[in-house]
Amino acid sequence: MSQLHNLPLKIPLSCYAAKHRSKQVQLKSSSGGVFSSLAEYVLNNNGVVFGAAFDKNWNVFHKYIEHIEQLDELRMSKYVQSTIGNSYKEAQSFLQTNRMVLFVGTPCQIHGLKLFLKKDYKNLLAVDFVCHGVPSKKVWQKYLKECIIRKIKFPIQNIQFRNKRLSWETYTFTIQVDSTKSTKNNKNNSSLTPSNVSNEDINETLHKNPFLRGFIHDLYLRPSCYTCKNKGFSSGSDITLADFWGIKETYPHLFDKNGVSCLTVNTSQAKEYLAQIDIEKNQVKFEDALRFNPSFINSVKCPPFRKYFFKLMNKIEFKLLVLFGQVYNKMLRILKID
Ligand SMILES: Cc1cc2nc3c(=O)[nH]c(=O)nc-3n(C[C@H](O)[C@H](O)[C@H](O)COP(=O)(O)OP(=O)(O)OC[C@H]3O[C@@H](n4cnc5c(N)ncnc54)[C@H](O)[C@@H]3O)c2cc1C
């Protein structure tokens, strides 16, 4: 857990426990649905919202939307590196025509946006989130191919890394399939479909799903994530979002099983925007949010197994590799070898 002596030089202007006013929106968001509250305000004022979506091959990329009906595409944390593509350029064009722009991304993506734009814009709301780190796209595709696509009978309809069917705190990795359409597996080779993965959706808890297990054990984050230069509010973002972990202990009366976000106001521009946005929020002490969320200021440590993971990636099955990684890391911890 982070200690207060690790406090970043920059501390936010204010900090809130916050959530969207609708339970439905909370349930389809990773934490309290604050992103949706910000996005609704911007879209209702003829603005444009940038965030991360899936493409048809379930890669993650940045895109913009102009209508509330498209918000589902951007909602929810996707634990894969998102390709920025042309979105910095597109955001700049919208900003230059005076349209309001909400740009959401990892702290390094927001830092990149700020460097690209080279100047401040009154019509930009740059929002990052507390970031554990982003997994490699190549690893994500290996997982999908070996553990999902090869085994399911029906095409994937939707993927959620943070489904709240159990709860916000005990989230589930969910793959919904479209059982009205068949895949090749179903048509040509039914032996490839094990009985435990039939035409039903896949729902695996955080500790059962191999991709999430490898993610939380830091086995395949991007190399720069282990020494992130954009921790501690140094990205230039106006607002930082996070899960309000530990709220049960720090502010039990504000706990909500459907999810609570932590929102920090980092600039006076954010303060002005926030005054106009319809959102349920209660001011709290930043130190209380930080206590249970070390990723605000610390990068995770690179586990020794990471280099073997990538060396063995083309030789060993994904599930087995994650298991090796967990066992290897645990052994080193027990033997106190760093
Ligand atoms: C890779 C990753 C790591 C995270 N690590 C932590 C952590 O350690 N601690 C913590 O408290 N919170 C972490 N978060 C943030 C948290 O999961 C929520 O995204 C945040 O609290 C906002 O939730 P929400 O309910 O307001 O919005 P949501 O509806 O969940 O919206 C999430 C927003 O993030 C954007 N987004 C989603 N995936 C990506 C991506 N891969 N790259 C860039 N932008 C993306 C979406 O477009 C959307 O704008 C992480 C998020 C991601 C994507």
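Cut-off values and rules
Residues numbered from 1 in each chain as written. Predicted model: local features only at pLDDT ≥ 70, side-chain atom pairs only at ≥ 80, totals over all residues. Heavy atoms only, no water. Helix = DSSP H or I, 4+ residues; strand = E, 2+ residues; numbered from the N terminus. Rg over C-alpha atoms; globule rule 2.2 N^0.38 Å. Buried < 20%, exposed > 50% of the residue type's maximum accessible area, 1.4 Å probe, protein only. Contact = heavy atoms within 4.5 Å. Areas by Shrake-Rupley, 256 points an atom, 1.4 Å probe, with all protein chains shown as cover. Lys, Arg positive; Asp, Glu negative; His and termini not counted. Charge placed at Lys NZ, Arg CZ, Asp CG, Glu CD. Arc of directions from axis to C-beta. Pairing = 2+ DSSP bridges. Axes fitted to C-alpha atoms, helices over the stretch in contact; angles between N-to-C directions. Near = heavy atom within 4 Å. Polar contact = N/O pair within 3.5 Å; in protein donor to acceptor, adjacent residues only side chain to side chain. Nonpolar A, V, L, I, M, F, W, Y, C, P; charged D, E, K, R; others polar. Salt bridge = Lys/Arg side-chain N within 4 Å of Asp/Glu carboxyl O.

(A) Representation of the overall build of the chain within the structure. Assigned secondary structure in the chain consists of 13 helices and 11 strands. Relative to its length of 338 residues, the chain is compact, with a C-alpha radius of gyration of 20 Å against a globular reference of 20 Å. Here the C-alpha coordinates of the chain stretch approximately 60 × 50 × 40 Å along the principal axes. Within the chain, the fraction of its 338 residues that count as buried is 54%. Partitioning the contacts of the chain with sequence separation of at least 6, the portion at a separation of at least 24 is 71%. Here the chain has roughly 16,800 Å² of accessible surface; of this, 51% comes from carbon and sulfur atoms. In the chain, 48 positive and 27 negative side-chain charges are present, and the distance between their average locations comes to 7 Å.

(B) Seen up close, helix α4 (residues 87–96). Burial in α4 covers these residues: S87, Y88, A91, Q92, F94 and L95. Along α4, the residues classed as buried sweep out an arc of 165° about the axis, all on the same side. In α4, the exposed positions angled more than 90 degrees off the buried face are occupied by K89 and Q96. For α4, the secondary structure elements touched by its buried residues are β2 (48–54), β3 (60–65), β4 (101–104), α5 (107–117) and β5 (124–129).

(C) Fine view of the sheet that holds β2. If you trace the 8 strands from one edge of the open sheet to the other, you get β3-β2-β4-β5-β9-β10-β1-β11, paired in mixed fashion. Two strands lie at the open edges of the sheet, namely β3 and β11 (280–284), each paired on one side alone. Each strand axis lies, on average, 25° off the axis of its neighbour in the sheet, ignoring direction. Pairing of β4 with β5, which is carried by 4 bridges, proceeds in the parallel orientation. What sits directly across from F103, in β5, is A126.

(D) The arrangement of the site of the ligand in detail. Among the 36 residues in the neighbourhood of the ligand, the closest are listed as S30, A52, S77, K78 and N293. Take A52: an N or O atom from its main chain is 2.7 Å from an oxygen atom of the ligand. Here V80 contributes a backbone N or O atom positioned 2.8 Å from a nitrogen atom of the ligand. In the complex, 98% of the free accessible area of the ligand, which totals 900 Å², lies under the protein chains. Secondary-structure elements contributing two or more residues to the shell around the ligand are α2 (34–44), β2 and β9 (239–243). For the shell around the ligand, the element with the most residues is β9, which contributes 3 residues. A per-class count over the shell around the ligand returns 15 nonpolar, 17 polar and 4 charged.

(E) Highlighting the pattern of salt bridges. Per the stated rule, a full pass over the model turns up 11 salt bridges. In this structure, D256 engages K19 in a salt bridge whose closest nitrogen and oxygen atoms are separated by 2.8 Å. Of the two residues, D256 is situated in the loop between α9 (247–250) and β10 (261–265) and K19 in strand β1 (residues 14–19); the sequence distance between them amounts to 237 residues. The exposure class of D256 is buried, given its relative accessible area of 12%. A salt bridge links D278 to R21; the nearest nitrogen and oxygen atoms lie 2.7 Å apart. Residue D278 is located in the loop between α10 (268–276) and β11, and its partner R21 is located in the loop between β1 and α1 (23–27); the two are separated by 257 residues in the primary sequence. You'll find D278 and R21 in the same group, each marked exposed.

(F) Summary view of α10. For α10, the set of buried residues is Q269, A270, Y273 and L274. Buried residues of α10 fall within an arc of 130° about the axis and therefore sit on the same side. Looking at α10, the residues exposed on the side facing more than 90 degrees away from the buried face are S268, K271, E272 and A275. Along its buried surface, α10 packs onto β1, α2, β5, β9, β10 and β11.

(G) View of the sheet that holds strand β6 (residues 156–163). Pairing is antiparallel across the open sheet formed by 3 strands, whose spatial order is β6-β7-β8. A strand with exactly one partner marks an edge of an open sheet, and here the two such strands are β6 and β8 (202–205). Taken over all neighbouring pairs, the strand axes of this sheet differ in orientation by 10° on average, direction set aside. Sheet analysis places strand β7 (residues 172–177) next to β8, joined by 4 bridges and oriented antiparallel. Among the inter-strand pairings, T172 is bridged to a residue of β8, identified as T205. Helix α6 (residues 137–149) rests against β6, β7 and β8 of the sheet, and its axis sits at about 115° to β6.

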